[in-house]
Amino acid sequence: MKIEKIVTVPITCHGRTRRGIVKITTDDGFVGYGEVGETASEQLGPIMTDRWSRLIVGKNPLNTEKILRELWAGSLFAGRGGGALLSALSGVDFALVDLKGKILGIPGYQVVGGGFRSRIRIYQDTAGGPDAATYARNALEAKQKGFDAIKFDLDVSFGERRAKYGYDPYNETVTNEELSLMVSKVDAIREAIGYEMDLAIDLHGRYNTVSGIKIAQTLEPFKLMWLEEPVPPENVDAMREVKMSTSTPICCGENLYFKWGFRDLLAKQAADIIMPDIAQVGGIVEGKRIADLADMYYIPVAPHNNCGPLATIAQAHLCAAIPNFHILEWHGARVQDWDKIVKWDGPVINKGGINLPNRPGLGYELNEKEILRRDPDAEDLFT
Ligand SMILES: [Mg+2]
């Protein structure tokens, strides 16, 4: 059996956002689909899969790791260290795992070692708002939808620092005004949802080390599930300094790529929880390696995920296949279209979790009629 063709077609599948769908076909008529993550969807996904088709076509589709290794090795001068190229590579990985599962008649999580669980716990990335009351209202709404964990952004953004508060946006020191604002919002959230529901807070690497420490220590009474990227991701030692200073768990890793990106972070135990984005680190196969490395240090894995439905389901398969899975992110609260695009048993996100079916491959089927209604040029996905 040989791979005959690979194409990438951008489709509208996550609200108004278009995501590249990779389709890999074999000469025996098997088809695997994967979604390219946000950073590469429109441009780089199609370009790279076109370039990579020379390395893929004619290969045995069951040699997944060898194929991915060759794509990675052949991309040294194209920027394989991270970013958009790895999103494209992850989309190819998803399609290969889908394909291999279908050929072997096993679900995707069994392609990479087998299932520890079939229901994947999800936390909702939840919108904040202009004031603490809106944070509280949105938190309660998520709880009522069945989520037992949520995340809010709490940093004052670069633009807002100057426009709204008159701060120098390049100065990454948290002010007392900012700190009080943060406390009032988290306090309102906890007041609304109580302490049994898990709550994570994201700071987007906005602050310097002393500020990261101050924020983490100030938020200790709220018993967060984690504080995310209190300092920028590049300096592992700074992250470790924050981690060692506080009882608030520190989580990071959404901006790190491949296993090498996690090497120092894990070896120095600079985070309590890691959050590789499986649609950016190189896919399910590489995600498994990263999770195994984290397991050596007893560090749980909570994948970052702002993907559309196909890549979210793909990430869920990895979450099923690792012992140290903690929780998976979901960024789709404000999009209503997943269940039109993907044929699934019930809604994809079901009362705060994803139930993975025991079907071959990644278990999804594209809704051809709906996709072609939105994107008439997408017929390459179905011919
Ligand atoms: Mg984040």
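Our subject is the structure listed above.
Residues numbered from 1 in each chain as written. Predicted model: local features only at pLDDT ≥ 70, side-chain atom pairs only at ≥ 80, totals over all residues. Heavy atoms only, no water.

Chemist: Let's hear about the overall build of the protein: which residues, and what values?
Modeler: Helix and strand counts for the protein stand at 14 helices and 13 strands. For 383 residues, the compact-globule estimate of 2.2 N^0.38 gives 21 Å, and the C-alpha radius of gyration of the protein, at 21 Å, lies within 12% of that figure. Over its C-alpha atoms, taken along the principal directions, the protein stretches across nearly 65 × 40 × 40 Å. Burial status across the protein gives 56% buried among its 383 residues. For the protein, contacts bridging at least 24 residues in sequence account for 71% of all contacts bridging at least 6. Working note: accessible area of the protein is about 15,500 Å², and carbon and sulfur atoms make up 49% of it. Once the 44 positive and 51 negative side-chain charges of the protein are each reduced to a mean point, those two points are 3 Å apart. (Helix = DSSP H or I, 4+ residues; strand = E, 2+ residues; numbered from the N terminus. Rg over C-alpha atoms; globule rule 2.2 N^0.38 Å. Buried < 20%, exposed > 50% of the residue type's maximum accessible area, 1.4 Å probe, protein only. Contact = heavy atoms within 4.5 Å. Areas by Shrake-Rupley, 256 points an atom, 1.4 Å probe, with all protein chains shown as cover. Lys, Arg positive; Asp, Glu negative; His and termini not counted. Charge placed at Lys NZ, Arg CZ, Asp CG, Glu CD.)

Chemist: Give a description of the side chain of Thr26 that names residues and reports values.
Modeler: Inspection of the secondary structure assignment puts Thr26 in strand S2 (residues 17-26). Residues in contact with Thr26, not counting those within four places in the same chain, are Met1, Lys2, Ile3, Glu4, Pro61, Leu99 and Ile103.

Chemist: Mind laying out the side chain of Thr49, listing which residues take part and the relevant values?
Modeler: Topologically, Thr49 is positioned in helix H1 (residues 44-56). If we ignore the near neighbours within four places in the chain, the residues touching Thr49 are Ile6, Thr8, Val22 and Val92.

Chemist: I'd like to hear about the packing of helix H11 (residues 284-296) against helix H12 (residues 309-321), residue by residue, with values.
Modeler: Relative orientation of the contacting elements H11 and H12 amounts to 35°, with a least axis distance of 10 Å. Crossing of H11 against H12: the hand is right-handed. Facing H11, whose interface residues are Ile284, Gly287 and Lys288, H12 presents Ala314, His317, Leu318 and Ala321. Looking at side-chain class alone, the contact of H11 with H12 contains four nonpolar, two polar and one charged residues. (Axes fitted to C-alpha atoms, helices over the stretch in contact; angles between N-to-C directions. Left-handed = near helix turned anticlockwise from the far one by under 90°. Nonpolar A, V, L, I, M, F, W, Y, C, P; charged D, E, K, R; others polar.)

Chemist: Talk me through the packing of helix H2 (residues 64-73) against helix H3 (residues 84-104); I want residue IDs and the actual numbers.
Modeler: When two helices pack together, their arrangement is given by the angle between the helix axes and the distance between those axes. Two elements in contact, H2 and H3, have axes whose closest approach is 10 Å; the angle formed by their N-to-C orientations is 165°. As judged from the angle between their axes, H2 and H3 are roughly antiparallel. Where H2 crosses over H3, the two elements pack in a sense that is right-handed. Here Thr64, Ile67, Leu68, Leu71 and Trp72 of H2 lie close against H3, whose contacting residues are Leu89, Val92, Asp93, Leu96 and Lys100. When grouped by side-chain class, the residues that make up the contact of H2 with H3 number seven nonpolar, one polar and two charged. (Parallel < 35°, antiparallel > 145°, perpendicular 65-115°, else oblique.)

Chemist: Help me get a handle on the pattern of salt bridges, residues and values and all.
Modeler: Evaluated as defined, the whole model comprises 20 salt bridges. Between Arg289 and Glu65 there is a salt bridge whose closest N-O contact spans 2.7 Å. Of this pair, Arg289 sits in helix H11 while Glu65 sits in helix H2; the two residues are 224 residues apart in sequence, bridging distant segments of the chain. Between Asp237 and Lys268 there is a salt bridge, and its shortest N-O distance comes to 3.0 Å. Of the two residues, Asp237 sits in helix H9 (residues 236-245) while Lys268 sits in the loop between helix H10 (258-267) and strand S9 (273-274), which places them 31 residues apart along the sequence. Taking relative accessible area as the criterion, Asp237 reaches 43% and is therefore assigned partly exposed. (Salt bridge = Lys/Arg side-chain N within 4 Å of Asp/Glu carboxyl O.)

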